[in-house]
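# Structural overview for review
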Amino acid sequence: MNLPIIAPSILAADFANLEREVKMLNESEADWIHVDIMDGVFVPNISFGIPVTEAIHRHAKKPLDVHLMIVQPERYVEAFRKAGAEVISVHVEACPHLHRNLQQIKLLGAKAGVAINPHTSITELENVITDIDVVCMMSVNPGFGGQKFIENTYRKVAALKEMIARAGAKTLIEIDGGVNQQNAKPLLEAGASILVAGNFVFSANDPKEVISNLKQSEIAR
Ligand SMILES: O=C(CO)[C@@H](O)[C@H](O)COP(=O)(O)O
Ligand SMILES: [Fe+2]
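The model shown is predicted, which means the values in this text are computed figures rather than measured ones.

## Structural notes on the environment of V201
With respect to the element layout, V201 can be found in helix α7 (residues 199-202). Between the C-alpha atom of V201 and that of M38, which follows or precedes it by 163 residues, the distance is 20 Å. In this structure V201 touches P8, A12, P207, V210 and I211, once residues within four positions along its chain are discounted.

Right under this line is the structure:
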């Protein structure tokens, strides 16, 4: 049995108390801190940018997993790397030159991630799958936290897992959106190994306990 990587999304934290929230994550069983960057163009919402990411990084003792929901991400990848990103995911829908984007991220010494919207076919990733460290599979439409999990994600994860195995790749599958204690285990069984959770963690009375429970969801393999 393997334990999943848990990546709480700071988007759901109290932004007026970011230092306290990051320290809470440091003390928890969280593995990564998921950082959602929204530009108001690729998605219909604006979150925060490079200075806030830097501020999170100053206090964080866990790797930052930066999810870029922005157009032309190549313009900002280096700045987010300098701001402390260890994993950088760009959206396949925003990248006509995805292979070049992945090379750029890797040359900067970060893990290269590709995020994929619910309606986008995983076949879009087939020709670059061996170059992708992490596929961030969206299980909600990107742009907002606190949305309902889309059930078709299970099938999509299983199909992606098969594609990764066929290619002999080591790509990890991350699930992002509406993750909770009910869907965690079936997602892991379908082939995911990283779980992002925003509202489920930060709206809880005891976020550290919620993180610990998610962490104990086992991958039956
Ligand atoms: O990228 C996104 C949304 O666009 C996610 O990272 C959410 O922020 C996750 O939040 P919950 O759905 O778990 O509340
Ligand atoms: Fe995200």
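## Here we look at the pairing of strand β8 (residues 194-197)
Side chains of β8 alternate between two faces, with I194 and V196 and L195 and A197 buried alike. As judged from the four bridges shared by strand β1 (residues 5-8) and β8, these two strands associate in the parallel manner. In the sheet register, I6 faces β8, and the bridge partner there is L195. Pairing geometry for strand β7 (residues 172-176) and β8, over three bridges, is parallel. Among the inter-strand pairings, D176 is bridged to a residue of β8, identified as V196.

## Describing the environment of D36
Relative to the assigned elements, D36 resides in strand β2 (residues 33-38). Assessed through the 24 C-beta atoms surrounding it within 10 Å, D36 is described here as buried. Sequence separation between D36 and T53 is 17 residues; the distance between their C-alpha atoms is 9.4 Å. Every residue in contact with D36, bar those within four places of it in the chain, is listed here: S9, L11, S47, H67 and M69.

## Some remarks on the UniProt feature "active site" (unreviewed entry) in the protein
Per the UniProt record, the feature "active site" (unreviewed entry) sits at D36 and D176. Of the residues just listed, which span 141 residues, no C-alpha pair is farther apart than 10.4 Å, and they cluster in one region. For D176, the location among the structural elements is in strand β7.

## What about the site of ligand 1?
Around ligand 1, a shell composed of 23 residues is seen, among which S9, P142, G145, G198 and N199 lie nearest. For the shell around ligand 1, the class distribution of residues is ten nonpolar, eleven polar and two charged.

## Focus: the packing of helix α5 (residues 153-167) against helix α6 (residues 181-190)
Put simply, α5 and α6 touch, their axes get as near as 8 Å, and they point 25 degrees apart. Classified by the interaxial angle, the pair formed by α5 and α6 is roughly parallel. Note on element contacts: α6 touches α5 through P186, L187 and A190, opposite Y154, V157, A158 and K161. Looking at the contact of α5 with α6, its residues break down into six nonpolar, no polar and one charged.

So, how was this worked out
- Residues numbered from 1 in each chain as written.
- Chains lettered and ligands numbered in written order.
- Predicted model: local features only at pLDDT ≥ 70, side-chain atom pairs only at ≥ 80, totals over all residues.
- Helix = DSSP H or I, 4+ residues; strand = E, 2+ residues; numbered from the N terminus.
- Contact = placed C-beta atoms within 7 Å.
- Buried ≥ 20, exposed ≤ 12 C-beta atoms within 10 Å, placed from the backbone.
- Pairing = 2+ DSSP bridges.
- UniProt positions renumbered as here; feature names shortened; annotations may be inferred.
- Near = placed C-beta within 6 Å.
- Nonpolar A, V, L, I, M, F, W, Y, C, P; charged D, E, K, R; others polar.
- Axes fitted to C-alpha atoms, helices over the stretch in contact; angles between N-to-C directions.
- Parallel < 35°, antiparallel > 145°, perpendicular 65-115°, else oblique.

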